[in-house]
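Examination of the molecular architecture
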Amino acid sequence: MPMLSCETNPPFMNTAATRSAQPVSYRSDSRLLFDDISVTDVRVRPASRVCSYSEWDPLEEVIVGRVDGACVPVWDSVLAATMPAQHMPFFTAEGGRRFPESILTRAARELDNFAAVLESEGITVRRPDSVDWSTAFQTPHFNQPAGLYAAMPRDFLLVVGDEIIESPMAWRSRYFEFRAYRKLLKEYFATGARWTAAPKPELSDELYHPAYDSRAANHSAITEFEPVFDAADFVRFGRDIFCQKSHVTNQFGIDWLRHHLGEEYRIHVLNFNDPKAMHIDATLVPLARGRLLLNAERAVALPQMFKNWEILFPPPPVIPDDHPLYFTSKWVSINVLSLNEEQVVVEEQERPLIEFLKNHGFKPIPLPFRNFMSLGGAFHCATVDVRRRGTLQDVFC
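Numbering of residues starts from 1 in each chain and follows the order in which that chain's sequence is written. Residues qualify for local features only when their pLDDT is at least 70, as the model is predicted, and side-chain atom pairs are given and counted only at 80 or more; totals for whole chains, interfaces and linings, by contrast, use all residues. Working from all heavy atoms in the structure, the side-chain values ignore hydrogens and water.

1. Comments concerning the sheet that holds strand 16 (residues 291-294)
- Pairs of strands are assigned from DSSP output, requiring at least two bridges between the strands. Here a helix means four or more residues in a row that DSSP labels H or I, a strand means two or more in a row labelled E, and each is numbered from the N terminus. Strand order in the open sheet made by the three strands is 15-16-17, with mixed pairing throughout. Strand pairing shows two members of the sheet lacking a second neighbour, strand 15 (284-288) and strand 17 (310-312), which therefore form its edges. Across the sheet, the mean angle from the axis of one strand to that of its neighbour is 30 degrees, orientation sign disregarded.
- In terms of strand pairing, strand 16 meets strand 17 through three bridges, oriented parallel. Considered in strand 17, the bridge of L293 is made with L312. Convention adopted: a line fitted to C-alpha atoms gives each axis, helices being fitted over their contacting stretch, and angles between N-to-C directions are expressed from 0 to 180 degrees.

2. Side note on the environment of L312
- Along the polypeptide, L312 turns up in strand 17.
- For each residue, the accessible area found with a 1.4 Å probe, counting protein chains only, is set against the maximum for its type, and the residue is called buried under 20%, exposed over 50%, and partly exposed in between. What makes L312 buried here is its relative accessible area of 3%.
- In the structure, L312 is positioned 44 residues away from F356 in sequence and 9.3 Å away in space, judged by C-alpha atoms.

3. Section: the pairing of strand 9 (residues 157-160)
- Neither face of strand 9 is open: one carries L157 and V159, the other L158 and V160, and all of them are buried.
- Both strand 9 and strand 10 (residues 163-166) contribute to a ladder of four bridges, which runs antiparallel. When the sheet's bridge partners are listed, L157 is paired in strand 10 with E166.
- In textbook terms, the turn of a hairpin is the stretch between consecutive antiparallel strands, and for strand 9 and strand 10 this stretch comprises two residues, one of which, G161, has a positive phi near 65 degrees.

4. Observations concerning the side chain of E347
- Here E347 is to be found in strand 19 (residues 343-347).
- N or O atoms closer than or at 3.5 Å make up a polar contact, with two conditions inside protein: a donor-capable atom paired with an acceptor-capable one, and, for residues adjacent in sequence, both atoms drawn from side chains. Only 2.8 Å separates the side chain of E347 from the backbone nitrogen of F369, close enough to count as a polar contact.
- Apart from residues lying up to four places away in sequence, E347 is in contact with I354, L367, P368, F369, R370, M373 and F379. Note on contacts: a residue pair qualifies if any of its non-hydrogen atoms lie within 4.5 Å across the two residues.

5. As for the packing of aromatic side chains
- Ring pairs shown here join Phe, Tyr and Trp side chains whose ring centres sit within 6.5 Å, with only the six-membered ring taken for Trp; geometry is labelled stacked below 30 degrees between planes, edge-to-face above 60, and tilted in between. Counting across every chain of the model gives 33 aromatic pairs.
- Taking 6.0 Å as the distance between ring centres and 55 degrees as the angle between the ring planes, the aromatic pair formed by F99 and Y326 counts as tilted. Linking F99 in the loop between helix 2 (88-94) and helix 3 (101-120) with Y326 in the loop between strand 17 and strand 18 (337-338), this pair joins segments that are 227 residues apart in sequence. Each of the two residues, F99 as well as Y326, counts as buried.
- A ring pair is formed by F306 and F396, whose centres lie 5.1 Å apart and whose planes are at 80 degrees; its orientation type is edge-to-face. In this pair, F306 sits in the loop between strand 16 and strand 17 while F396 sits in the segment after strand 21 (383-388), placing the two residues 90 residues apart along the sequence.
- Pairwise contacts between aromatic rings join W75, F90, F91, F99, Y149, W171, Y326 and F327 into one cluster.
- Placement of a positive charge over a ring is assigned whenever Lys NZ or Arg CZ falls within 6 Å of the ring centre and within 35 degrees of the normal to the ring plane. Note that K200 overlies the ring of Y175, its terminal NZ or CZ placed 4.3 Å from the centroid.

What follows is the structure, encoded as C-alpha cells:
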C-alpha cells in the first residue's frame, strides 16, 4: 500500500455552474433542453495544515492548552473511580469553584514558558480561547455548577492524518469544552483539514454505574449506554492505533472510532494493571519508531508486534508525597512530549528520568512543570500535535 501524506487532497464536493444568458427551456412534451453550462467552481481542498500520523515524527505545529479560569469538578462516581482518594475532601469542598489562584498563576507561568520553548525550536504554537468556566449549565439530563478547563487539549482532540476529531468525553464538567477550540477548528477546516465531531453524548444517568466498586475486577465506572472516549486513551503508531478501555472510554466509543476510521487504520485494545485507568499516555509512551517507554508497574503483556521494539522501563517518579496531584498518580512524570525521534520534553526535577533518557541516546529538554501537573497532566496532555512532518506508514512491517 503506498504511503499517504497530507500534501494532496481530493476536491470538495461543491460545485457551481455558470449558465448562458438564455434560461433553461422545456419542450412541450416536458423533455429538458440543455443549455451550454460550464462548471467553473470545482474547488480543490488545499493541503491541510493538520497532518499527523505518529507520536514521534518531527513536530511542526501544536496546540498548547490554557489554565485560565479552571474550575474544580464536582465529586461523582467517575471521579471516585479515577482520582487519588486523599483528595476527595478537596473535590467535595471545592467542586464548582475556581481552582486556587496561586495554583493557576504558577501553572500558567510554566505553560507559557513551555510554549515559548517550543516556538524557539521552530514549532508553531496555537492556543485555545480563554473561557469563563465558572458559568453553571444544564442539559435535559444533568446540570453542573461549572465547567473544567482547556488545559489538556490531548484529552479532547484526536488528530489522525489530516482529520481532527472532537471526542465525546464522559465527564459532565467537560460537556462544553469545545467552546475553547471552536475558532481554531474552523480555521483548520478552512485551510483543508477534515473536522469531525463524534456523536455528542447525553451523559444521562444510564451511562454511569450508580454503585461502582473499585474492588471489582475489570469493572468500569461507565456503562455501554452510548459511545464515549477521551482522545488521550489513544496513541498513534502510523496505521496502528493503540488504546485502552478506561473509566472514560468504553468499548462502544472504541467501536465508533474503529468504524469511522475504516480499514486504513487498525485499532488495538490493550490491557493494563491500572484500576484507576484514565488516559494511556502515562503508561505507554512511544518515543521514536521502534522505541517504547512502558510503565512497568502497569504493564501486563504487549502484543507480539512489539517483539522487535526496544522496550524502555523508566525509573520511578520523584515527585514528593506532599506535592498535590489532584487528578493523577506520580506516573504523570512519563507524560513527556517527543519533538522528534531524539528530543523529548521532560519535567526538570525528574532527574532520574532525564539521565535514563540520555543514557538511551535521547536529548531531553528539561522544563519546570510540576505546578501544572497538579491540574492533571504534563507535556503530552497539555498539547495536541496538529502537524508532524511524516507520512502514513505501517511501522510494524
